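Chain by chain, the residues:
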Amino acid sequence: MKLLNIALALIIFLQLLLALHQFRRHRKLKKHQQRMVEALRGHRFWRVGMARVEFLKSWPKLSRQQALGVLIDEGDSVRLKGRWYGAQEDFEQVVSKELATLTWLAPHPWRTANLAWVQVDAPAGPLLVCAETLANPRASREALADMVRSVFPGFALPTGAGTDFSLEKNRFSLTAMVVFLALLLFSLLDTYVFNDYELIESQVARLLSSPALLVAAGAALVGVGLFSYRRLLAGQVPVQESLVLALFVAGALAMAALPALKRVDQVLAKGPSTWYAYRVVDRVVHLSPVDARQGLPTLRFTKAPEYWAQVPTGSEVQVPLLRGPLGLWQLDHQRFDPPILAFYENANPK
């Protein structure tokens, strides 16, 4: 354990050193960019980030751009000036608007560092250009789209390139939202409103502590998430929105899994709940099964303390439980609650 703590502390220390190094390097580039900006009084220019085409394939990305600089509109041509991060080398490239070919690259969490880019292909070589904004897809899209419209008015931006994507206008994203809300409502309403059966707490804890079950459930959720993500991308939903919607659908499915299994077990059960004998262990209140051979779970009740206070420790009580072919023990509140409710009604007469 001591070695593990030392290793974790070393990793955190190295991360802090890397963050400090990145900050100092970025600050130097910002100062250089500011000096270029101050020399451009009276010119049409934009602060930009730049990168080589290979930047899209690199992972992990230690910075969101490979260079900081300016884009200067000179009428028939565009001048790109900046300084590369790594070697701190200055560069300058003049691109003819007539000869340049532009390709719009939408924000992507990994490929584009969550920024919108435009690839400028020119005789001197390709270069990636982005508007200098925070790592926010919306701000990056809007700023870059405005710059491209102004500098390259003949370039046709893709539909919705500079605007927010409307989830409700795409049938794939709309379907994902409906599925998410349906699963969420089912899990909440079936658990707290419409279902009179409650899964035993000790059994839930045992299920959640089972490595095999956790691995299987995790694999299923990852599979659902990846399938949803790929379907959304195929339906022309942007990467950022596809990722969020896929995570929402997988999360809602995780919430709805136990309520759905409870319902299935109730439907497949051969009959109604059965009364089982339990012994009161202490005043918390813990109940243990009288007959341990039946495989009954232990019970713990934290509600209705006044009712359980009247039940002597060591005495036997009857508890209605339902168990179907899935093996889930469920407390039948429709048969279990009436004596408790009657106790409080008699204790607090109107």
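None of the values given here were measured: they were computed from a predicted structure. (Residues numbered from 1 in each chain as written. Predicted model: local features only at pLDDT ≥ 70, side-chain atom pairs only at ≥ 80, totals over all residues. Heavy atoms only, no water.)

1. Some thoughts on the nonpolar core
Core analysis: the biggest nonpolar cluster contains 25 residues, and Met50, Leu71, Leu80, Val118, Val129, Leu144 and Met147 have the highest contact counts within it. Contributions of two or more residues to this core are made by strand 1 (44–51), strand 2 (67–73), strand 3 (77–84), strand 4 (90–96), strand 5 (101–105), strand 6 (117–121), strand 7 (127–131) and helix 2 (137–151). A total of five residues in this core trace back to one element, the largest contributor, which is helix 2. Leave out the neighbours within four places in its chain, and Val118 touches Leu102, Thr103, Leu127, Leu128, Val129, Leu144 and Val148. (Core = buried A, V, L, I, M, F, W, Y, C linked by side-chain atoms within 4.5 Å. Buried < 20%, exposed > 50% of the residue type's maximum accessible area, 1.4 Å probe, protein only. Helix = DSSP H or I, 4+ residues; strand = E, 2+ residues; numbered from the N terminus. Contact = heavy atoms within 4.5 Å.)

2. Structural notes on the packing of helix 5 (residues 211–234) against helix 6 (residues 239–268)
The N-to-C vectors of helix 5 and helix 6 enclose an angle of 145°; their axes lie 8 Å apart at closest approach. Between helix 5 and helix 6 lies a crossing whose hand is right-handed. Within the contact between the two elements, helix 5 uses Leu221, Val224, Gly225, Ser228, Tyr229, Leu232 and Leu233 and helix 6 uses Val239, Ser242, Leu243, Leu245, Ala246, Val249, Ala250, Leu253 and Ala254. Here the contact of helix 5 with helix 6 is built from residues that sort into 13 nonpolar, three polar and no charged. (Axes fitted to C-alpha atoms, helices over the stretch in contact; angles between N-to-C directions. Left-handed = near helix turned anticlockwise from the far one by under 90°. Nonpolar A, V, L, I, M, F, W, Y, C, P; charged D, E, K, R; others polar.)

3. Description of the sheet that holds strand 10 (residues 286–289)
Strands sit in the order 8-13-12-9-10-11 across an open sheet of six strands; the sheet is antiparallel. Edge strands, defined here as strands with exactly one partner in the open sheet, are strand 8 (197–199) and strand 11 (299–300). As paired strands, strand 9 (residues 274–280) and strand 10 are joined by three bridges and run antiparallel to one another. Each residue of the ladder has a partner; that of Tyr278, found in strand 10, is Pro289. Sheet contacts for helix 8 (residues 333–347): strand 8, strand 9, strand 12 (316–323) and strand 13 (329–332); angle to strand 13, the most-contacted strand, approximately 45°. (Pairing = 2+ DSSP bridges.)

4. What to know about helix 6
Each α-helix winds once per 3.6 residues, and so residues spaced three or four apart point in a common direction. Helix length check: helix 6, at 30 residues, gives a terminal C-alpha distance of 41 Å against a target of 44 Å (1.5 Å per residue), a fit within 8%. Where helix 6 bends most, the angle comes to about 35°, and this point is Ala256, followed within four residues by the proline Pro259. (Expected span 1.5 Å × (residues − 1). Bend = angle between axes of the 7 residues up to and from the residue.)

5. Digging into the pattern of salt bridges
Applying the stated rule across the entire model yields 10 salt bridges. For Arg44, the salt bridge identified is with Asp73, shortest N-O distance 2.7 Å. Within this pair, whereas Arg44 is found in strand 1, its partner Asp73 is found in strand 2, the two being separated by 29 residues in sequence. On the basis of relative accessible area, Asp73 is assigned to the buried category, the value being 13%. (Salt bridge = Lys/Arg side-chain N within 4 Å of Asp/Glu carboxyl O.)

6. Considerations on the sheet that holds strand 6
If you walk across this open sheet you meet the seven strands as 4-3-2-1-7-6-5, and the pairing is antiparallel. Every other strand in the sheet has two partners, leaving strand 4 and strand 5 as the edge strands with one partner each. Between one strand and the next, the sheet's axes are offset by a mean angle of 30°, whatever the strand orientation. Where strand 1 meets strand 7, four bridges bridge the pair, whose relative direction is antiparallel. Across the sheet, the residue bridging to Gly49 is Cys130, located in strand 7.

In short, shape yes, function no, at least from these values alone.
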